[in-house]
Amino acid sequence: MVNGAPASQEPANLEQVFPFFIALDEGTRIVRVGRSLVKLIPGAASGVQLGELFTPQAPPGPFAYARLVAMQGQLFIMRDPQTGVVMRGQWQCWSGQLVFLGSPWFTSIDELRGTGLSLNDFAPHDPTLEALQLLQIQRLVTEDLRRLSERHKAQARQLEAAAQVKYSFVSSMSHELRTPLTSVIGLSDAMLTPGSAP
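Now for a description of the structure that goes with this document.

1. A word on the overall build of the protein chain
And then number 1: Looking only at helices and strands, one finds 6 helices and 6 strands in the protein chain.
And then number 2: Taken from N to C terminus, the helices and strands of the protein chain fall in the order α-β-β-α-α-β-α-β-β-β-α-α.
And then number 3: With respect to the three principal axes, the spread of C-alpha positions in the protein chain is 130 × 30 × 30 Å.
And then number 4: Expressed as a percentage of its 198 residues, the buried residues of the protein chain come to 31%.
And then number 5: Taking all contacts inside the protein chain whose residues are at least 6 apart in sequence as the whole, residues at least 24 apart take part in 44%.
And then number 6: Between the averaged position of the 16 positive side-chain charges in the protein chain and that of its 17 negative side-chain charges there is a distance of 4 Å.

Spelled out as structure tokens, the structure:
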């Protein structure tokens, strides 16, 4: 039991299942970190206080050991103020240590590219990669729709200009045809009217 919380056995393959894990002692000093977290945040090392690396985002509050133990299983979000990296996960007690099980929270492929991480740095079950793929697809589709919309607007302007040219031509031709026709009709009426002399 760890501070009133049952301690479960740590899996032997913690590194593979949660490559971004952080294990703390009761003083909230880092005891161990996952291999991928070290690549992402080089300052993450044994003996460092968690509060020196991260700022709690949700729920807000201090990195107090008892508080974190009480929050087991709840969503916890923390941010590295130096790099801007946001970590999203939960706290769990294992083998006498409090362990953060989570992964970085990226909102674009570009954010991931800037970190130096590769696909192999993520656990196979981590939904971050699928979410990033969906965001990338959404961005590409949005760009395609924007280009199609611009092309459609340009074609609509061209059609409007062509319609205006056609209207001007028809109006002009109508006037040009009506003027001589009016004269012909008037002269024909005059010739058909008895007693009128041309």
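2. Here we look at the sheet that holds strand β4 (residues 76–79)
And then number 1: Across the sheet, 6 strands lie side by side as β2-β1-β6-β5-β4-β3; this open sheet has antiparallel pairing. Of all the strands in the sheet, just β2 (30–33) and β3 (55–58) have a single pairing partner and so form its edges. Going across the sheet, the axis of each strand differs from the next one's by a mean of 35 degrees, ignoring polarity.
And then number 2: The sheet contact formed by strand β5 (residues 86–94) and strand β6 (residues 97–104) spans 8 bridges and is antiparallel. Following the sheet pairing, Arg88 is matched in β6 by Ser103.

3. A word on unusual backbone geometry
And then number 1: At the junction of Ala58 and Pro59, the peptide bond is cis and its omega measures out at -10 degrees in the coordinates.
And then number 2: Considering the arrangement of structural elements, one finds Pro59 in the loop between β3 and α4 (65–70).
And then number 3: The backbone of Thr28 sits at a positive phi, close to 55 degrees, despite the residue not being glycine.
And then number 4: Residue placement: Thr28 occurs in the loop between β1 (22–24) and β2.

4. What to know about the packing of aromatic side chains
And then number 1: This model, assessed by the stated rule, comprises 4 aromatic pairs.
And then number 2: One aromatic cluster in this structure is built from Phe63, Phe76, Trp91 and Phe100.
And then number 3: Its end group placed over the ring of Trp105, Arg88 keeps NZ or CZ at 4.9 Å from the ring centre.

5. Observations concerning the environment of Asp126
And then number 1: Mapped onto the secondary structure, Asp126 falls in the loop between α5 (109–113) and α6 (128–192).
And then number 2: Assessed through its relative accessible area of 7%, Asp126 is described here as buried.
And then number 3: The spacing of Asp126 and Pro56 is 70 residues in sequence and 22 Å in space, taken between C-alpha atoms.

6. Looking at the nonpolar core
And then number 1: Judged by nonpolar contacts, the single largest core of 30 residues is most densely connected at Ile22, Phe54, Met78, Met87 and Trp91.
And then number 2: For this core, the secondary-structure elements that each account for two or more residues are β1, β2, α2 (35–40), α3 (50–53), α4, β4, β5 and β6.
And then number 3: With residues near it in sequence (within four places) discarded, Phe54 still touches Ile22, Ile41, Phe63, Met78, Arg79, Asp80, Pro81 and Met87.

7. Let's talk about the side chain of Thr115
And then number 1: Summarising the element assignment, Thr115 is placed in the loop between α5 and α6.
And then number 2: Within the local environment of Thr115, its side chain forms a polar contact with the backbone nitrogen of Leu117, the two atoms lying 3.2 Å apart.

What counts and how
Residues take numbers from 1 onward in each chain, read along the sequence in its written order. Given that the model is predicted, a residue must reach a pLDDT of at least 70 before its local features are reported, and side-chain atom pairs must reach 80 or more before they are shown or counted; all residues, however, enter totals for whole chains, interfaces and linings. Note that water and hydrogens are dropped before the side-chain values are worked out from all heavy atoms of the structure. Strands here mean DSSP runs of E at least two residues long; helices mean DSSP runs of H or I at least four residues long; both are numbered from the N terminus. For every residue, the accessible area (1.4 Å probe, protein chains only) is compared with the maximum for its type, and the residue is labelled buried under 20%, exposed over 50%, or partly exposed between those bounds. By the convention used here, residues are in contact when the closest approach between their heavy atoms is within 4.5 Å. Counted charges follow a simple rule, with Lys and Arg positive, Asp and Glu negative, and His plus the chain ends left uncounted. Here the site of a charge means atom NZ of a Lys, CZ of an Arg, CG of an Asp or CD of a Glu. Strand pairing is assigned whenever DSSP detects at least two bridges linking the two strands. Each axis is a line fitted through C-alpha atoms, taken for helices only over the stretch in contact, and angles between the N-to-C directions span 0 to 180 degrees. Working definition: rings of Phe, Tyr and Trp (its six-membered ring) pair if their centres are within 6.5 Å, and the pair is stacked with planes under 30 degrees apart, edge-to-face with planes over 60 apart, and tilted otherwise. Note on geometry: a ring has a charge over it if NZ (lysine) or CZ (arginine) is within 6 Å of the ring centre and within 35 degrees of the ring normal. By nonpolar core is meant a set of buried Ala, Val, Leu, Ile, Met, Phe, Trp, Tyr and Cys residues that side-chain atoms within 4.5 Å join together. Pairs of N or O atoms within 3.5 Å make up the polar contacts considered here, provided that, within protein, one atom can donate a hydrogen while the other can accept it, and that residues adjacent in sequence are counted only when both atoms are side-chain atoms.

None of this, on its own, says anything about what the molecule does.
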